[in-house]
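# Inside the fold
This is what each chain is made of:
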Amino acid sequence: MKVIWAILCERAVVDRETNNISLFNVVEEVAVPAQPPVSLKELGLPHGVVPVVFRLVVLWSRSDQGVPEKGRGRVRVGMPTETIAFGGEFDVDLMEFLRSRAMINLPGLPIGGGDGIYRFLIDGKTNSEDWTQMFELPLRVTFQHQDAARFLTP
C-alpha cells in the first residue's frame, strides 16, 4: 500500500452520492500567539499542545492495483527537537476498493522546539512488514511574540 496524498485542513466533507471529498480551510502555516514567551523546558515539559482542531486527510492506494491488501497506518509529528507519535494507529483496508481515505481528527498541535517546519509523518505497514514512512507533510509554525511594552500606559 502507498500514500497518494495527505492534506491538513479544518474540515472535510464527503458527498454521499459521489463519494467525492471537499476540503475546507487547508492549513499550510500556523501562527501561534505567545505572550509572554515561555520556554517549555523551563516548565519541565518536552512539548506543549496548541488547542486547535485539525483534520488530517490521507488517501491510500494499493501498491499493485490488481492485488487487494490490508494494513495499518499511523501519524507521527516531527518537531524541530524531536519526533513523537500522534493520532494513534488505524486500519487501512484496500481489499475491496483500489483507494481508501483516512480522516484523522487532531485535537491539538504538539509544539516543541519553537519556530520551524513541523512534519506530519505518515507511516504504514502490512502484517509482514515493519513500519515504513510513506509520506511527509510539512507545516510551518511561527510564534508571534507581542511586545509587552506597548501595553503599558504612560
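Before going into details, it helps to say that this report is about the structure given with it.

Rules used in this analysis
- Residues numbered from 1 in each chain as written.
- Predicted model: local features only at pLDDT ≥ 70, side-chain atom pairs only at ≥ 80, totals over all residues.
- Heavy atoms only, no water.
- Helix = DSSP H or I, 4+ residues; strand = E, 2+ residues; numbered from the N terminus.
- Buried < 20%, exposed > 50% of the residue type's maximum accessible area, 1.4 Å probe, protein only.
- Contact = heavy atoms within 4.5 Å.
- Areas by Shrake-Rupley, 256 points an atom, 1.4 Å probe, with all protein chains shown as cover.
- 1 Å grid on protein atoms, 1.4 Å probe; cavity = no way out; pocket = protein on both sides within 12 Å on 5 of 7 lines; lining within 4 Å.
- Points joined across faces, edges and corners; volume = space filled by probe spheres on them.
- Nonpolar A, V, L, I, M, F, W, Y, C, P; charged D, E, K, R; others polar.
- Pairing = 2+ DSSP bridges.
- Axes fitted to C-alpha atoms, helices over the stretch in contact; angles between N-to-C directions.
- Phe/Tyr/Trp six-rings, centres within 6.5 Å; stacked < 30°, edge-to-face > 60°.
- Salt bridge = Lys/Arg side-chain N within 4 Å of Asp/Glu carboxyl O.

Right, let's talk about the overall build of the protein chain for a bit. Within the protein chain, the regular secondary structure consists of 0 helices and 11 strands. Along the chain direction, N to C, the helices and strands of the protein chain fall in the order β-β-β-β-β-β-β-β-β-β-β. For the protein chain, buried positions account for 35% of its 154 residues. Sequence separation of 24 or more characterises 68% of the internal contacts of the protein chain that already satisfy a separation of 6 or more. As displayed, the protein chain offers around 9,400 Å² of accessible surface, 50% of which is attributable to carbon and sulfur atoms.

With that settled, the discussion passes to the layout of surface pockets. The volume enclosed by the second largest pocket comes to roughly 220 Å³. The wall of the second largest pocket is formed by Trp5, Asn19, Leu59, Phe97, Arg99, Ser100 and Arg101. In terms of residues, the lining of the second largest pocket owes the most to one element, strand 8 (residues 99-106), which gives 3 residues. Partitioning the lining of the second largest pocket into residue classes produces 3 nonpolar, 2 polar and 2 charged.

With antiparallel pairing, 4 strands are arranged side by side in an open sheet as 2-1-5-8. Each of the sheet's edge strands pairs with one partner strand only, and the pair in question is strand 2 (21-26) and strand 8. Taking each pair of neighbouring strands and ignoring which way they run, the sheet shows an average axis angle of 40 degrees. The pairing of strand 1 (residues 2-14) with strand 2 spans 5 bridges and is classified as antiparallel. Note on strand 2: the bridge partner recorded for arginine 11 is phenylalanine 24.

Another aspect to go through is the packing of aromatic side chains. Applying the stated criterion to the full structure yields 1 aromatic pair. Between tryptophan 60 and phenylalanine 90 the ring centres are 6.3 Å apart and the planes differ by 70 degrees, which places this aromatic pair in the edge-to-face class. With a gap of 30 residues between them, tryptophan 60 in strand 5 (residues 54-61) and phenylalanine 90 in strand 7 (residues 83-94) connect regions that are remote in the sequence. For the pair shown, tryptophan 60 and phenylalanine 90 are each scored as buried.

This part takes up the pairing of strand 8. By the alternation rule, side chains of strand 8 split into Ser100, Ala102, Ile104 and Leu106, which are all buried, and Arg99, Arg101, Met103 and Asn105, of which none is buried. Summarising the sheet, strand 5 and strand 8 pair through 8 bridges and their orientation is antiparallel. Along strand 8, the bridge assignment pairs valine 58 with alanine 102.

Further remarks concern the pattern of salt bridges. Counted under the stated rule, the structure contains 6 salt bridges. A salt bridge links glutamate 89 to arginine 72; its shortest N-O distance comes to 3.2 Å. Placement of glutamate 89 in strand 7 and of arginine 72 in strand 6 (residues 69-78) is noted, with a sequence separation of 17 residues between them. Residue classification places arginine 72 among the partly exposed positions, given a relative accessible area of 26%. Arginine 76 serves as the salt-bridge partner of aspartate 123, at 2.5 Å between the closest nitrogen and oxygen. A residue pair is termed long-range when its members are at least 10 positions apart, and aspartate 123 in strand 10 (residues 116-125) and arginine 76 in strand 6 qualify at 47 residues. Aspartate 123 gets classed as buried once you look at its relative accessible area, which sits at 0%.

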